[in-house]
Amino acid sequence: MEQSSRAPSPRRQILHARFHLPDGADTGLYGQLLDLTADITPRVQPIPPDAAHLDITGSLRYWQRDAEDLAALLRLRTLALHGVRTTCAVAPNRMLATMTAAFTPLGETTVLTEAEVTAWLRPRPVAALYGVGPATAAALAKYGLHTIGDLADAPLPTLTRLFGSATGRALHAHAHGDDLRSVEPRSLPRSMSAGHTFDADCLDADQHHRALLGLAHRLGARLRGEGQAAAGLTLTVRYADRTTTTRSRALTEPTHHTRPLTGAVYDLYRLLGLQRARVRSFDLRADALRPASEARRQLSFDPADDQALAIEAAADRARARYGPDAVKPATLAGA
C-alpha cells in the first residue's frame, strides 16, 4: 500500500493577547495594536475593548520561532512602539488560550501544550471555565461540581438532563478542553468603549450600579458629541481572580440617549447575577455604531421621556461650555 508523502497538518496554536491599555484610552490605540498583530499573522480576531485572538499555526515556520518567542516579539513591539504591556497565552484552541491568559501574570507569557491540558484544567474552579458565569457556577455547585475535573467526570446524559441538551453538551466539551471555534479574521468593528476599575475588588451592588451609571453617562455623552448612535451594548466584567464574563444585547432601536443606555446596561448586570461576585472592573462597549442622523426614534407619549431628553440636551450644553464634569447625576456627585 502506497503511503502519502504529505506532511501531517500542524497542530493549532492560538495566541490570546490582552493589551493593558491606559485608563481613558480611545479605540484608536487599540486599532494600532491590532495593526501590530497583523504583522505577525493575518489571522487575527479582535476582541474589543482590549484583546485579540491570533492563529499563529502557520506563522511559526515563517518566523522560524516557537510560540513563546513569537509572543515575546509581540510583547516587545507593543511596549516599544506604544508603551503598552501585553499578556500573552498560547494554547491549542481559543477557549484554552483565553483561560490560560486569565491565570498568566501581567505582561508575561504562558504556553499550554496539548499534553498539559487535562492536568491544567482539572483542578481549576468550575467558574473559570469558558461560558460559566456566577449563576451557572452556583447551579453546578448545588450538584457537587466544584472543579472542572468534577464537571469532566459527570456523565453527559446527566448534564443534558440538568441543563438542557445544548448547554449540557457545551459544558461537557469545554470541561474536556474541546473548542471547535476557529479564529475569524475581521476588521475592527465600529464601537466605542468606556471602563471603570475599582480601587479594590468590589462586592457592593450599590457601587456596581453607580459605576455602571457613570459608564452609561460617559458613553451617551461621547456618542452624542460625535453624532453616533449605538445599536447594541456589551458589558465585560473582570473579577478578582482575573477571569471575565461578557454579555451583549441588541437595543430595541439605535440610540445615543443616556436613559435607554442605562436601562440596557442594568438589564445586562441583572442577567449576570453578581450578588456575591468580587468585581475588579467593568467595561461597557457601544456596538454597531451608525450616524445618529440615520437612527429612527419611536414616538413616545410618556411625558417623562420628553422631560429626560430636554434635561439631557441642557446638560450637554452645560458640559460643552464648562467641561465634561459640569453636570452629572446626584448619584455620581463626588465620584
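Below you will find a few notes about this structure. Since this is a predicted model, take the numbers as computed values, not measurements.

1. Points about the sheet that holds strand β3 (residues 51–55)
Hydrogen bonds between backbone groups are what pair the strands of a sheet, and the pairing can be parallel or antiparallel.
Okay, so step 1: The sheet built from five strands is open, its strands ordered β2-β3-β1-β4-β5 with mixed pairing. The two strands at the open ends of the sheet, each matched to only one other strand, are β2 (44–47) and β5 (109–111). Adjacent strand axes in the sheet meet at a mean angle of 15°, parallel and antiparallel pairs treated alike.
Okay, so step 2: Note that strand β1 (residues 14–20) and β3 share five bridges and pair antiparallel. Bridged to A17 within β3 is A52.
Okay, so step 3: Sheet strands touched by helix α3 (residues 67–82): β1, β3, β4 (85–91) and β5. Its angle to β4, the strand with the most contacts, is close to 160°.
Okay, so step 4: Sheet contacts for helix α4 (residues 94–102): β1, β2, β3, β4 and β5; angle to β4, the most-contacted strand, approximately 135°.

2. Structural notes on unusual backbone geometry
Okay, so step 1: For Q64, which is not glycine, the phi dihedral falls at a positive 55°.
Okay, so step 2: Within the fold, Q64 resides in the loop between α2 (59–63) and α3.
Okay, so step 3: Owing to a relative accessible area of 73%, Q64 belongs among the exposed residues under this scheme.
Okay, so step 4: The phi torsion at R242 lies on the positive side, around 75°, for a residue other than glycine.
Okay, so step 5: Within the secondary structure, R242 is located in the loop between β7 (228–239) and β8 (244–255).
Okay, so step 6: Taking the relative accessible area as the measure of exposure, R242 reaches 23% and is therefore partly exposed.

Cut-offs applied
- Residues numbered from 1 in each chain as written.
- Predicted model: local features only at pLDDT ≥ 70, side-chain atom pairs only at ≥ 80, totals over all residues.
- Heavy atoms only, no water.
- Pairing = 2+ DSSP bridges.
- Helix = DSSP H or I, 4+ residues; strand = E, 2+ residues; numbered from the N terminus.
- Axes fitted to C-alpha atoms, helices over the stretch in contact; angles between N-to-C directions.
- Contact = heavy atoms within 4.5 Å.
- Buried < 20%, exposed > 50% of the residue type's maximum accessible area, 1.4 Å probe, protein only.

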